[in-house]
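# Structural overview
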Amino acid sequence: MAALVQGGERGGVVLSHSCHVVELVLNEGGEGVIRHLPWSQDVDIVACAVDCAGEAAVACTSDKRVIFWGWADGQWVQRCTRTTTKRATAVAFGDDGAVVAADKAGDVHRFRRAEDENGLTESSEVILGHVSMVMDIALSADGLIVSADRDDKVRVSQYPRAWNIEGFCLGHTEFISSVCVTGARCVSTSGDGTVRLWDTATATLLSTSTPSEDFISDGADGVIRSAVASPTAPHFAVVVDGRSDLMMYTLGSAKGVALAPLHTVQPSESSIASAAFAVDGSLWTVDVSGSLARFVLEGARYVPGPALPAQLNDLPAALPWLRTDNPGRASLADFAKVHHETGAENYFSRKQLRLDAKQAAADGRANKKLKEDTEVS
């Protein structure tokens, strides 16, 4: 399934689907530009990110690789590739230029750019860990990292010294599907159908919203895929799995700081796959058929922007691989089904069996070594 992330200072967004990554930009003349990030392997991209300056990009693949690109001479060039022990689930850039990637094992890795005799490389270290799969990560401008896991927890830690835990945002009753940070606030979405607003520094719950009650009138309780924050306004766009309408929220209400429903936008009749804000505050969406749409803020509403240039308006024609049947990232509804069928109790039982087996193996090696040492003496 196609996914969008915010582009850098050149504007636009970055689209990933299957084994492809492209930058989509509207230049000053209103012309559409598609720039391919070189990657020749037939391996699915599972997560992607671009730094604020638009000078670096990173993607994680289904075969545990992390690909780094740099912007040079008006084009993207592949810089290097690294690996993780488990498949990555989310990736983001820190303000220090480092790349932070989370994986299925619950570890969060930090890749730092370094210079050696072979040129630019990326060295890595594990900076924090969860007891279950990390679903998403986000970094704040005031030195905090927010990590969310399958076990309904959102953890707030100092960055990069993530062993210093500021607190846990507790209250969701299902897996966390996404987190995003804007200013001193954090928004989390979950399989429990709620969107929650937190004070990031204190891990305090400020408000809880339920899109199925705020917007959806047909009684459908879809799994919330993600929430993305506008860089120019106190607005959030919420994507619900299987829905063709995008739910817009704003910060603030008569009762204090809270998420308040704004309105919905519907780019097409097809389900929305992903949404992202560009640095200019415009909202971009892509649906499951690969069609692109762009909305701009007028007053307090997001309305369709000027018609996209032909190259971007018919994106599947310019990028035929968008028509492939490869679903890419699995539907969160499927993930929720598995999550419910296995259940937390069974999950922890299996995890404890794995830990017990690991400890038994370690004890066996220790006993063997003690016996050998005894025989030698």
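The text that follows walks through the structure, step by step, so that each part is easy to find. What you see is a predicted model; the values in this text were computed from it and never measured. (Residues numbered from 1 in each chain as written. Predicted model: local features only at pLDDT ≥ 70, side-chain atom pairs only at ≥ 80, totals over all residues. Heavy atoms only, no water.)

### Some remarks on the overall build of the protein chain
Put simply, the test is: Labels follow the DSSP assignment, with helices taken as runs of H or I lasting at least four residues and strands as runs of E lasting at least two, numbered in each case from the N terminus. Burial classification: accessible surface area is computed with a 1.4 Å probe over protein chains only, and a residue below 20% of its type maximum counts as buried, one above 50% as exposed, and the rest as partly exposed. Note on contacts: a residue pair is in contact if any heavy atoms of the two residues lie within 4.5 Å.
Regarding its fold elements, the protein chain presents four helices and 28 strands. Burial analysis of the protein chain (377 residues in total) assigns 50% to the buried set. Put simply, 45% of the contacts in the protein chain that link residues at least 6 apart link residues at least 24 apart.

### Observations regarding a nonpolar patch on the surface
This is how it is decided: Residues with no salt bridge and a relative accessible area higher than 30% make up the patches, which join like charges within 9 Å and nonpolar side chains (Val, Leu, Ile, Met, Phe, Trp, Tyr) within 5 Å. Residue-level accessible areas treat just the shown protein chains as cover; the underlying method is Shrake-Rupley with a 1.4 Å probe. The term salt bridge refers to a pairing of a side-chain nitrogen on Lys or Arg with a carboxyl oxygen on Asp or Glu at a separation within 4 Å.
Taken together, the side chains of I165, F168 and L170 present a nonpolar region at the surface, about 280 Å² in accessible area. Within the element layout of this structure, I165 appears in strand 16 (residues 165–169).

### Observations regarding the sheet that holds strand 3 (residues 20–26)
Convention followed: For two strands to count as paired, DSSP must find a minimum of two bridges between them. Axes, fitted as lines to C-alpha atoms, cover a helix only where it is in contact. Angles between the N-to-C directions of the axes lie from 0 to 180 degrees.
On the basis of which strands lie adjacent, the open sheet formed by four strands has the order 1-2-3-4 and antiparallel pairing. Only two strands of the sheet have a single partner each, and these edge strands are strand 1 (3–6) and strand 4 (32–36). Put simply, the sheet's adjacent strands are angled 25° from each other on average, direction ignored. Sheet analysis places strand 1 next to strand 2 (residues 13–17), joined by four bridges and oriented antiparallel. Across the sheet, V5 pairs through a bridge with V14, a residue of strand 2.

### Section: the nonpolar core
Note the threshold: To define a nonpolar core, start from buried Ala, Val, Leu, Ile, Met, Phe, Trp, Tyr and Cys residues and group those joined through side-chain atoms within 4.5 Å.
One finds L4, L15, L24, L292, L312, L315 and L319 to be the most contacted residues of the largest nonpolar core, which totals 19 residues. The set of elements that each furnish at least two residues to this core consists of strand 2, strand 3, strand 25 (272–277) and strand 26 (283–287). With near-sequence residues (within four places) excluded, L15 lies in contact with A2, A3, L4, H20, V21, V22, L24, V286, L315, L319, W321 and L322.

### Points about the packing of aromatic side chains
Quick note on the threshold: Two rings from Phe, Tyr or Trp (for Trp, the six-membered ring) form a pair when their centres sit within 6.5 Å of each other. Planes less than 30 degrees apart are called stacked, planes more than 60 degrees apart edge-to-face, and all others tilted. Charge over a ring is defined by NZ of Lys or CZ of Arg lying within 6 Å of the ring centre and within 35 degrees of the ring normal.
Tallied over the full model, the rule gives four aromatic pairs. On the basis of an interplanar angle of 85° and a centroid distance of 5.2 Å, the ring pair of F215 and Y249 is categorised as edge-to-face. Remark: Y249 occurs in strand 23 (residues 246–253) and F215 occurs in the loop between helix 1 (211–214) and strand 21 (224–229); sequence separation between them is 34 residues. In this pair, the class of F215 matches that of Y249, namely buried. Seen from the ring of W71, R10 lies directly overhead, with NZ or CZ sitting 3.7 Å from the centre.

### Considering the pairing of strand 13 (residues 134–139)
Of all the six residues making up strand 13, six are buried; the element is thus mostly covered by neighbouring parts of the structure. Inspection of the sheet shows strand 13 paired to strand 14 (residues 144–149) by five bridges, in the antiparallel sense. Across the sheet, the residue bridging to L139 is I145, located in strand 14.

### Describing the sheet that holds strand 28 (residues 301–304)
The sheet built from four strands is open, its strands ordered 25-26-27-28 with antiparallel pairing. Both outer strands of the open sheet, strand 25 and strand 28, are each paired with one neighbouring strand and no more. Averaged over all adjacent pairs, the angle separating strand axes in this sheet is 30°, with direction ignored. Where strand 27 (residues 292–298) meets strand 28, four bridges bridge the pair, whose relative direction is antiparallel. What sits directly across from E298, in strand 28, is R301.

### Comments concerning the pattern of salt bridges
Going through the model one piece at a time under the given rule, you end up with eleven salt bridges. For R35, the salt bridge goes to E23, with nearest N and O atoms at 3.2 Å. Remark: E23 occurs in strand 3 and R35 occurs in strand 4; sequence separation between them is twelve residues. Ionic pairing is found between R112 and E125, a salt bridge with its closest N-O pair at 3.8 Å. Residue R112 is found in strand 11 (residues 107–116), and its partner E125 is found in strand 12 (residues 119–129); the two are separated by 13 residues along the sequence. The exposure class assigned to E125 is partly exposed, which follows from its relative accessible area of 31%. Among the charged side chains, a salt-bridge network with shared partners connects D96, R110, R112 and E125.

### Description of the pairing of strand 25
Counting buried residues along strand 25, six of its six residues qualify, which places the element largely inside the surrounding structure. Relative to strand 26, strand 25 runs antiparallel, the two sharing five bridges. Across the sheet, the residue bridging to A276 is W284, located in strand 26.

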